[in-house]
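So the chains spell out like this:
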Amino acid sequence: MKKIEAIIRPFKLDEVKIALVNAGIVGMTVSEVRGFGRQRGQTERYRGSEYTVEFLQKLKLEIVVEDDQVDLVIDKIMAAARTGEIGDGKIFITPIEGAIRIRTGERDGEAI
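Turning next to the overall build of the protein chain. What the protein chain contains, in helices and strands, is two helices and six strands. Relative to a compact globule of 112 residues, whose C-alpha radius of gyration would be 13 Å, the protein chain shows 17 Å and is clearly more extended. By its C-alpha atoms, the protein chain is 60 × 25 × 20 Å across when sized along the principal axes. Looking at the protein chain as a whole, 28% of its 112 residues qualify as buried. Here the protein chain displays about 7,900 Å² of accessible surface, and carbon together with sulfur accounts for 48% of that area. Positive and negative side-chain charges of the protein chain, numbering 18 and 19 respectively, have mean locations separated by a distance of 6 Å.

Structural data, given as structure tokens:
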């Protein structure tokens, strides 16, 4: 099993969710996060004053899938979340040693 963490733009969430559901992927966790990457924030104007927003709003998606679904999930996220501009986000993949569904006690693949 692998855990896929994707940092995406907030307005892309619906497109990513639809793409994943249409591909048969069920279950994800979404968190509101703030951060910056290479763009190091952005400069904005408000009432004639210029200021820098150092930490931009993003969403973090966490999805746990079987190893054979990793490439599918990555492809769907990339296609749905891409705008072609700096700040589109990142995808991280980490191994998962195990999973347990609390309600039933199911383990690993059955739990996800």
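A few words now on the layout of surface pockets. Space left empty within the atom packing is revealed by a probe, the size of a water molecule, rolled over the atoms. Considering only enclosed or pocket space, the second largest pocket measures out at about 260 Å³ in volume. In this structure, the second largest pocket is lined by 13 residues; those nearest its centre are Val-26, Gly-27, Met-28, Val-64 and Ile-112. Ranked by residues supplied to the lining of the second largest pocket, first place goes to strand β5 (residues 56–65) with four residues. Taken together, the residues that form the lining of the second largest pocket break down as seven nonpolar, four polar and two charged.

Over its 12 residues, helix α2 (residues 70–81) runs 16 Å from end to end, which matches the ideal 16 Å to within 8%, given 1.5 Å per residue. Val-70, Val-73, Ile-74, Ile-77, Ala-80 and Ala-81 are the residues of α2 that are buried. Buried residues of α2, viewed axially, fall in a sector of 145 degrees; they line one side. For α2, the exposed residues lying more than 90 degrees away from the buried face are Asp-71 and Ala-79. Tucked into the core, α2 has its buried residues touching β1 (2–8), α1 (13–22), β5 and β6 (90–95).

About the thresholds
Residues numbered from 1 in each chain as written. Predicted model: local features only at pLDDT ≥ 70, side-chain atom pairs only at ≥ 80, totals over all residues. Heavy atoms only, no water. Helix = DSSP H or I, 4+ residues; strand = E, 2+ residues; numbered from the N terminus. Rg over C-alpha atoms; globule rule 2.2 N^0.38 Å. Buried < 20%, exposed > 50% of the residue type's maximum accessible area, 1.4 Å probe, protein only. Areas by Shrake-Rupley, 256 points an atom, 1.4 Å probe, with all protein chains shown as cover. Lys, Arg positive; Asp, Glu negative; His and termini not counted. Charge placed at Lys NZ, Arg CZ, Asp CG, Glu CD. 1 Å grid on protein atoms, 1.4 Å probe; cavity = no way out; pocket = protein on both sides within 12 Å on 5 of 7 lines; lining within 4 Å. Points joined across faces, edges and corners; volume = space filled by probe spheres on them. Nonpolar A, V, L, I, M, F, W, Y, C, P; charged D, E, K, R; others polar. Expected span 1.5 Å × (residues − 1). Arc of directions from axis to C-beta. Contact = heavy atoms within 4.5 Å.

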